Amino acid sequence: MSTHATPHRAESGGAATPGGRTEFTTTFALFAAVLMLLAGACGVLTGIASIVQDEVLVRGPQYTYTLDLATWGWIHLVLAVLLGAAGAGVLWGASWARALGITAAALNIVAHFAFLPHFPIWGLMLIALNVIVIWALVPYRAEKA
């Protein structure tokens, strides 16, 4: 039996290390970065479709959060660029990317909630995807170089 304490590495089950980081947290954050890049690409397509040809989208009944579809397109386009930048930043290990990713994902949840009358199933899927992104980024800390 050893009399000195040695630090333990994280087990694959997700046990925390003395520094508070786990391999699972880092892997989950990298998965979230890929999801942000995917959500950014989908947001760009949604935004362009809404801006260029708003008759492609289904117009639903009157809704409390009614905006012109071109306005929704610009909102989705800006949020998509923010999500894509945050996803790339998390992949590169940038410290600013975590805060930007959480903020952009939260704003994207609000935007897709308000956009539900136009694409209800798509909106619910992207809301769930953004919740997963936030869940993955909250405990993540980028490695300090």
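Scroll up to find the structure.
Summarised in this report is the structure supplied together with it.

Cut-offs and rules
Residues numbered from 1 in each chain as written. Predicted model: local features only at pLDDT ≥ 70, side-chain atom pairs only at ≥ 80, totals over all residues. Heavy atoms only, no water. Helix = DSSP H or I, 4+ residues; strand = E, 2+ residues; numbered from the N terminus. Buried < 20%, exposed > 50% of the residue type's maximum accessible area, 1.4 Å probe, protein only. Contact = heavy atoms within 4.5 Å. Areas by Shrake-Rupley, 256 points an atom, 1.4 Å probe, with all protein chains shown as cover. Phe/Tyr/Trp six-rings, centres within 6.5 Å; stacked < 30°, edge-to-face > 60°.

### Structural notes on the overall build of the chain
Next, step 1: What the chain contains, in helices and strands, is 4 helices and 0 strands.
Next, step 2: In sequence order, the chain lays out its α and β elements as α-α-α-α.
Next, step 3: Taken over 145 residues, the chain has a buried fraction of 39%.
Next, step 4: For the chain, long-range pairs separated by at least 24 residues make up 68% of all intrachain contacts whose partners lie at least 6 apart in sequence.
Next, step 5: Surface summary for the chain: the accessible area is close to 8,800 Å², and the carbon and sulfur share equals 71%.

### Considering the side chain of His112
Next, step 1: Structurally, the position occupied by His112 is in helix α3 (residues 96-114).
Next, step 2: With relative accessibility at 3%, the residue His112 sits in the buried group.
Next, step 3: Sequence-distant contacts of His112, that is, excluding residues within four places in its chain, are made with His76, Trp122, Gly123, Leu126 and Ile127.

### With respect to the packing of aromatic side chains
Aromatic rings in a pair are described by how distant their centres are and how their planes are angled relative to each other.
Next, step 1: Under the definition given, this model contains 2 aromatic pairs.
Next, step 2: Centre to centre, the rings of Phe28 and Phe31 are 6.3 Å apart; their planes meet at 10°, and the pair counts as stacked. Linking Phe28 with Phe31, this pair stays in helix α1 (residues 23-52), spanning 3 residues, or about one helical turn.
Next, step 3: In this structure Phe28 comes out as buried when scored by relative accessible area, which is 15%.
Next, step 4: By relative accessible area, which is 44% here, Phe31 ends up partly exposed.
Next, step 5: Between the aromatic rings of Phe28 and Trp135, the centroid separation amounts to 5.4 Å while the plane-to-plane angle is 90°, which identifies the pairing as edge-to-face. Note that Phe28 is positioned in helix α1 and Trp135 in helix α4 (residues 120-137), a separation of 107 residues in sequence.
Next, step 6: Ring pairs connect the aromatic residues Phe28, Phe31 and Trp135, which therefore count as one cluster.

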